[in-house]
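Single-letter residue listing:
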Amino acid sequence: MNTPKSVIELAKQSGAKMVDVKFVDTFGTWQHFTCPIRELTEEVFTEGLGFDGSSIRGWKSIEASDMLAMPDPATAFIDPFCAVPTLSLTCTIAETGTKEAYTRDPRGIAQRAEKYLASTRLADSAVFGPEAEFFIFDNVQFDSKSNGTFYSVDSDEAVWNTGREEMPNLGNKIRHKEGYFPVGPADTQQDIRTEMCLTMEELGMLIERQHHEVATAGQAEIDYRFDTLVKAADAMMVFKYVVKNVARKHGKTACFMPKPLFGDNGSGMHTHQSLWKGGKPLFAGNEYAGLSKMALYYIGGLLKHARALCAICNPTTNSYKRLVPGYEAPVNLAYSSRNRSAAIRIPGYSENPKAKRIEYRPPDPAANPYLAFAALLMAGLDGVINKIEPGEPLDKNIYELPPEELKKVPNVAGSLSEALDCLEKDHEFLLKGDVFTEDFLDMWIATKRKEHDAMRLRPHPYEFFLYYDV
């Protein structure tokens, strides 16, 4: 579906009665409004559909709120979760009148990153393959008031429910850090993950595998085929939409928070990346682990800007409860072949040059994929353009290094506040080609500082355990 005409034909063949117009907000949530199918004409794809941008987080103020949603025909699908046949279209956001791309629109930022890559003539496409982990819970409750706060998540398969009255409790529970990956009856969610996979395939995604992940309580991973930057980010939005709605269909809830459980593994979004030109892979060569010099420079750029990247790729206070040693979290800024304790891993599953890529492991699924992939590309390109050497690889288990060696290995940012400080000092690489703007970054930093302060100002329940009797 890559032309307006073909999209309209799809709607007719499918008996669609409505068209759902979707776009991503600043912080990665899909927003939407819905129109009768008669409103879908070929002109809509060039003229856009108007809406009020003042109610979207981080966007327009009330006195200049009119915006245009410009549908992309390549994103069309029939929504599998609507009772009435509904065509879904993803949009990029434009200004009214001029129809210029809105500089705070994340999808527009990702599109400009692809244009900047083309302008360098170093490559014509950047390929991304994210692996977004998530939890499937049976129940979640939380509240925060001036005189108290709590949260509680629950899962039938979790180790803490071995003593629960289930009439009968059959004892098939997954212990902490032992979810990778026993068969049923311990894994209770095989059929749910399979339904998620088949639904994604119906929508045009190519699924490679699904499995239970390391943590107890329904941690899961579904991997889909890599694609170019914007398409991979589009697919991530579909991915989250399907995961959450299939879970709800089964009376469960899916959670993409990086660290919803204490004492067990959090959820990452390891992001595979490579550059291509003329259909040929540019990351294969005769350097370390079969990489090209370009790939090593790309790694150098990622490592140089890694702490600033945290502010975009790990954008929540909760993100830094995952980025701690001991839980397979890649807190150490190093690169290595096959070593999952390094921030950058060079997968060794295949010697095929087309499979040669680097895997950047710090990001988590709370990140807006359009912003994260664009920022990673800009950091990598900065490394290539300026020939930034990544240093020597570290082919050791970093978590077991003696203290004198570990001191030499730099770390990712330790908190959201620290990451934002790093982004304030190191963001020139994001401004090239007007991909990101100072205005966008100022808004992002200011908004995220408010989130950090909101957490900092609230008493934590565990503080009562530690300090109530002082």
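Each remark here, short or long, concerns the structure printed above.
Residues numbered from 1 in each chain as written. Predicted model: local features only at pLDDT ≥ 70, side-chain atom pairs only at ≥ 80, totals over all residues. Heavy atoms only, no water.

## Some words on the layout of surface pockets
Space left empty within the atom packing is revealed by a probe, the size of a water molecule, rolled over the atoms.
Next up, step 1: Looking at the second largest pocket, its volume works out to about 860 Å³.
Next up, step 2: E131, D223, H272, R345 and Y349 are, among the 40 residues lining the second largest pocket, the residues nearest its centre.
Next up, step 3: Broken down by secondary-structure element, the contributors of at least two residues to the lining of the second largest pocket are β7 (125-137), β10 (207-212), β11 (219-224) and β14 (269-277).
Next up, step 4: Examining the composition of the lining of the second largest pocket, we find that 6 residues originate from one element, β7, more than from any other. (1 Å grid on protein atoms, 1.4 Å probe; cavity = no way out; pocket = protein on both sides within 12 Å on 5 of 7 lines; lining within 4 Å. Points joined across faces, edges and corners; volume = space filled by probe spheres on them. Helix = DSSP H or I, 4+ residues; strand = E, 2+ residues; numbered from the N terminus.)

## Quick look at the side chain of K240
Next up, step 1: Its place among the elements puts K240 in helix α5 (residues 229-249).
Next up, step 2: Put simply, K240 is tucked away with no salt bridge, and the nearest opposite charge, on D364, sits 7.5 Å away.
Next up, step 3: Excluding anything up to four places from it in sequence, K240 contacts F256, P365 and A367. (Buried < 20%, exposed > 50% of the residue type's maximum accessible area, 1.4 Å probe, protein only. Lys, Arg positive; Asp, Glu negative; His and termini not counted. Salt bridge = Lys/Arg side-chain N within 4 Å of Asp/Glu carboxyl O. Contact = heavy atoms within 4.5 Å.)

## Side note on the packing of helix α11 (residues 416-425) against helix α13 (residues 438-456)
Next up, step 1: Look at α11 against α13: their axes get within 10 Å of each other, and the N-to-C directions meet at 160°. Regarding the angle of α11 to α13, the classification is roughly antiparallel. The two elements α11 and α13 cross, and the hand of that crossing is left-handed. Contacts between α11 and α13 involve L416, S417, L420, D421, L423 and E424 from the first element and L441, W444, I445, K448, R449 and H452 from the second. (Axes fitted to C-alpha atoms, helices over the stretch in contact; angles between N-to-C directions. Parallel < 35°, antiparallel > 145°, perpendicular 65-115°, else oblique. Left-handed = near helix turned anticlockwise from the far one by under 90°.)

## Quick notes on the packing of helix α6 (residues 293-304) against helix α9 (residues 369-385)
Helix-helix packing is described using two parameters, namely the angle between the two axes and the distance between the axes.
Next up, step 1: At their nearest, the axes of α6 and α9 sit 6 Å apart, and the two run at 120° to each other. The angle between α6 and α9 places the two elements in the oblique class. Considering only the axes of α6 and α9, their crossing is right-handed. The residues of α9 that touch α6, namely those facing M294, Y297, Y298, G301, L302 and K304, are L376, L377, A379, G380, L381, D382, G383 and V384.
Next up, step 2: Considering only residue class, the contact of α6 with α9 consists of 9 nonpolar, 3 polar and 2 charged. (Nonpolar A, V, L, I, M, F, W, Y, C, P; charged D, E, K, R; others polar.)

## Some points on the packing of aromatic side chains
Next up, step 1: By the definition in use, this model includes 20 aromatic pairs.
Next up, step 2: For the pair F128 and F373, a centre-to-centre distance of 5.1 Å together with 20° between the ring planes defines the contact as stacked. Within this pair, whereas F128 is found in strand β7, its partner F373 is found in helix α9, the two being separated by 245 residues in sequence. Comparing F128 with F373, the two get one shared label, buried.
Next up, step 3: Taken together, a centroid distance of 5.2 Å and an interplanar angle of 65° make the contact between F283 and Y298 edge-to-face. Taken together, the positions of F283 in the loop between β15 (280-281) and α6 and Y298 in helix α6 put the pair 15 residues apart, joining distant regions of the chain.
Next up, step 4: The buried category is assigned to F283, whose relative accessible area is 0%.
Next up, step 5: Relative accessible area serves as the criterion here: at 1%, Y298 is assigned to the buried category. (Phe/Tyr/Trp six-rings, centres within 6.5 Å; stacked < 30°, edge-to-face > 60°.)

Nothing here speaks to function; it is all geometry.
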